[in-house]
Amino acid sequence: STDLSSGAGKIGSSCMKFTGNGSNGVSELVLANSTDFNFPGDFTVEFWFNFVSSDHSGNGGTIISRRGTATSQIGFRDSSNGQLMIQAPGHNALFGPTGLHDGNWHHVAWVRNGTGTNNIKCYVDGNQELQYSNTSPWFNVTSPLYIGSYGAMESWGGKLDEVRLSDSARYT
């Protein structure tokens, strides 16, 4: 299930709390399919997250995703080491520091700025941790946008706050 957690947000007095376990137990927020989420040009996907390893008992755990022939997602491939994973058309990588399952709030931003070399960057707590090149639409599929799962699979356990998807590059 997904709950509103009072008094526990990074900013303000509440946040979303997900109770996933890395498997098919669903803990998610589903936003209906919309081409507004395709992002053929610049974009920023950002959020604050907080979890400890006991929040999430399974392997994997997707924070934001859209499934289809060209899947895009960001989350944790292996929650035991607390390192983020990104999967997008033509790219699949672990990135950032390990140990992000420390019970503190962490900020993540996934940004595309232009079409040149290394035009996509991922930031964790303000530090650039990954860069790669890609000009494909970020989410060029016809599925819903999932927050807290990979479409009823790989559900994530932890807290999310200030989730924002923008059709502009907010960080460069």
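Up top is the structure.
Along every chain, residues carry numbers that run from 1 in the direction the sequence is written. Local features in this predicted model are restricted to residues of pLDDT 70 or higher, and side-chain atom pairs are both shown and tallied only at a pLDDT of 80 or more, whereas totals for entire chains, interfaces and linings draw on every residue. In computing side-chain properties, one takes all heavy atoms of the structure into account and sets aside hydrogens as well as water.

> Before we go on, may I ask you to explain the overall build of the chain in this structure?
To qualify as a helix, a DSSP run of H or I must reach at least 4 residues; to qualify as a strand, a run of E must reach at least 2; elements of each kind are numbered from the N terminus. The helix and strand inventory of the chain stands at zero helices and 13 strands. By the burial criterion, 49% of the 172 residues in the chain qualify as buried. Counted over contacts in the chain with a minimum sequence separation of 6, partners at least 24 positions apart contribute 64%. Here the chain displays about 7300 Å² of accessible surface, and carbon together with sulfur accounts for 45% of that area. Between buried and exposed lies partly exposed: a residue is buried under 20% and exposed over 50% of the maximum accessible area for its type, with that area taken using a 1.4 Å probe on protein chains only. Residue contacts are counted whenever heavy atoms from the two residues lie within 4.5 Å of one another. Only the protein chains shown count as cover for residues, and the accessible areas themselves come from Shrake-Rupley with a 1.4 Å probe.

> Would you explain the sheet that holds strand β5 (residues 62-66) in this entry?
Two strands in a sheet stick together by hydrogen bonds in their backbones, pointing the same way (parallel) or opposite ways (antiparallel). What the six strands build is an open sheet, ordered β3-β12-β5-β6-β7-β8; its pairing is antiparallel. The two strands at the open ends of the sheet, each matched to only one other strand, are β3 (29-31) and β8 (91-95). Across the sheet, the mean angle separating the axes of adjacent strands is 10° when strand polarity is ignored. Here, strands pair whenever DSSP counts at least two bridges between them. In terms of strand pairing, β5 meets strand β6 (residues 72-76) through four bridges, oriented antiparallel. For S65, the partnering residue across the bridge sits in β6 and is Q73. All axes here are fitted lines through C-alpha atoms, helices being fitted over the stretch that makes contact, and every angle between N-to-C directions spans 0 to 180 degrees.

> What am I meant to see in the environment of T135 here?
Within the secondary structure, T135 sits in the loop between β11 (127-132) and β12 (145-147). By relative accessible area, T135 is classed as partly exposed at 48%. Along the chain, T135 and P40 lie 95 residues apart, while their C-alpha atoms are 7.7 Å from each other.

> Before we go on, may I ask you to explain the side chain of R66 in this structure?
Within the secondary structure layout, R66 lies in strand β5. Lys and Arg are tallied as positive, Asp and Glu as negative. Neither His nor the chain termini are counted. By salt bridge we mean one thing: a side-chain nitrogen of Lys or Arg within 4 Å of a carboxyl oxygen of Asp or Glu. The side chain of R66 sits in the buried core without any salt bridge; D36 is the nearest counter-charge, 9.1 Å away. Counted as a polar contact is a pair of N or O atoms within 3.5 Å, where, for protein atoms, one must be capable of donating a hydrogen and the other of accepting one, and residues adjacent in sequence contribute only when both atoms are in side chains. A polar contact of 3.3 Å, which involves the side chain of R66, links it to the backbone oxygen of S34. A polar side-chain atom of R66 sits 2.6 Å from the main-chain carbonyl oxygen of S143.

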